[in-house]
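# A look at the structure
Residue-level listing of the chains:
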Amino acid sequence: MGFFDFMTEDIAIDLGTANTLIIHNDKVVIDSPSIVARDRVSGKIIAVGKEANMMQGKTHENIKTIRPLKDGVIADFDASEKMMSMFIKSIPALKKKLFTPALRLVICIPSGITEVEMRAVKESAERVNGKEVYLIHEPMAAAIGIGIDIMQPKGNMIVDIGGGTTEIAVIALGGIVCDKSVKIAGDVFTNDIVYYMRTQHNLFVGESTAEKIKIQIGAALEELDSPPEDMSVQGRDLLTGKPKQVDVSYREIAKALDKSIQRIEDAVMETLSQTPPELAADIYNTGIYLAGGGSMLRGLDKRISQKTDLPVYIAEDPLRAVVRGTGMTLKNIPKYRSILIK
């Protein structure tokens, strides 16, 4: 076993709908969009991650960009496997090796995932030379990444707003007591913005542009303490067909996202209403923790706080909270054995 240990590399993967992050040797070595570009003629993958992301919405018929994950689960098995193996091969420390080492992987999955979807993730991982593959539920990983001691008999509430799903969970004693997974998250926000620009400004914008709007001036409240500057948005005029530019303010984006954010609030309220009273008492004191890229939406913490009357905290570096937690379980697999799914 000693020799095998020496040959094995430990890797933690947050295989997300929008971004894939990989930790190796306690460092985030990959942080890239979950997207691949395929050549239609040869069927080969020509670009992955940031490079493929730049092609999105700008391709001709011989190139197709694919996002292999949808709503937090694998939608395109072949593409997701190729994407994973290309990411793993591009880890600097593994490039130097003569042959691909055996891998011990911990991968996080949404809590609302089915058996079949779970098996797809496992099989993908085994195909990229994963000898030992563990899975961990995302809210769990987020909690560990935020720095909560999840083994304590204390209730903590995590809201992880990713690209494809929003995971809401109450965690105590190293387990998920009640959880809810809703398919309203970053991608839906982006589509809301596309729709809003189209209906309100007669401006047709692509997904990449809508995402830029979301990041630059996205907001959850129409009144912010430190509002971002208005943003100039370019796209195609639906009436004349000419390219045109429109100035957009954060208030408009808050309007555009309102319905979707309401649905996330409702899911949070529902989870709270299912929480056992002893844990509800704990949560009254500890509050709610937000993680994931969606938690960076301006004013979202305040809005959820107003809705729930609870303190709301955003994790530091929320985009990496999940992968950090996943990496921490790798360092101490025996301790976290109970929460890892083999």
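Basis of the calculations
Residues numbered from 1 in each chain as written. Predicted model: local features only at pLDDT ≥ 70, side-chain atom pairs only at ≥ 80, totals over all residues. Heavy atoms only, no water. Domains from an automatic or database assignment. Contact = heavy atoms within 4.5 Å. Salt bridge = Lys/Arg side-chain N within 4 Å of Asp/Glu carboxyl O. Polar contact = N/O pair within 3.5 Å; in protein donor to acceptor, adjacent residues only side chain to side chain. Pairing = 2+ DSSP bridges. Helix = DSSP H or I, 4+ residues; strand = E, 2+ residues; numbered from the N terminus. Axes fitted to C-alpha atoms, helices over the stretch in contact; angles between N-to-C directions. Phe/Tyr/Trp six-rings, centres within 6.5 Å; stacked < 30°, edge-to-face > 60°. Buried < 20%, exposed > 50% of the residue type's maximum accessible area, 1.4 Å probe, protein only. Lys NZ or Arg CZ within 6 Å of the ring centre and 35° of its normal. Core = buried A, V, L, I, M, F, W, Y, C linked by side-chain atoms within 4.5 Å.

## What about the domain arrangement of the protein?
Each assigned domain of the protein is listed here: domain 1 (150-184 + 261-316) and domain 2 (186-256). On a C-alpha basis, the centroid separation for the pair domain 1 and domain 2 is 28 Å. Facing the 15 residues of domain 1 at the interface are 15 residues of domain 2. Taken together, the links from domain 1 to domain 2 amount to one salt bridge. Among the ionic pairs, Lys 302 bridges to Asp 225, the shortest N-O distance being 3.9 Å. Scanning the region where domain 1 abuts domain 2 turns up eight residue pairs in polar contact (both at pLDDT 80 or more).

## A short note on the sheet that holds strand β4 (residues 36-39)
Taken in spatial order, the three strands of this open sheet run β5-β4-β6, and their pairing is antiparallel. Each edge of the open sheet is held by one strand with a lone partner, namely β5 (45-48) and β6 (63-66). Neighbour to neighbour, the strand axes of the sheet diverge by 25 degrees on average, direction disregarded. Docked against the sheet, helix α3 (residues 77-89) engages β4, β5 and β6, running at close to 60 degrees with respect to β5.

## As for unusual backbone geometry
Of all residues except glycine, most have a negative phi; of all peptide bonds, most are trans. Its identity as a non-glycine residue notwithstanding, Leu 173 has a phi of 50 degrees, on the positive side. Structurally, the position occupied by Leu 173 is in the loop between β12 (166-172) and β13 (175-182). At Asn 202, a residue that is not glycine, the phi angle is positive and equals roughly 50 degrees. Take Asn 202: it is sitting in the loop between α7 (186-201) and β14 (203-204).

## A closer look at the packing of aromatic side chains
Inspection of every chain in the model, using the stated rule, returns one aromatic pair. Centroid distance Tyr 289 to Tyr 313: 5.6 Å. Interplanar angle 35 degrees. Geometry classified as tilted. Of the two residues, Tyr 289 sits in strand β17 (residues 288-291) while Tyr 313 sits in strand β18 (residues 312-314), which places them 24 residues apart along the sequence. A relative accessible area of 19% means that Tyr 289 is categorised as buried. Cation over ring: Arg 198 sits above Phe 204, and NZ or CZ is 5.2 Å from the ring centre.

## Brief notes about the nonpolar core
Ranked by size, the top nonpolar core spans 46 residues in total, and within it Phe 189, Met 197, Ile 213, Val 233 and Ile 288 carry the most contacts. The leading source of residues in this core is helix α9 (residues 250-274), at nine residues. Excluding residues within four positions of it along the chain, Phe 189 makes contact with Ile 161, Ile 184, Lys 214, Leu 257, Ser 260, Ile 261, Ile 264 and Leu 297.

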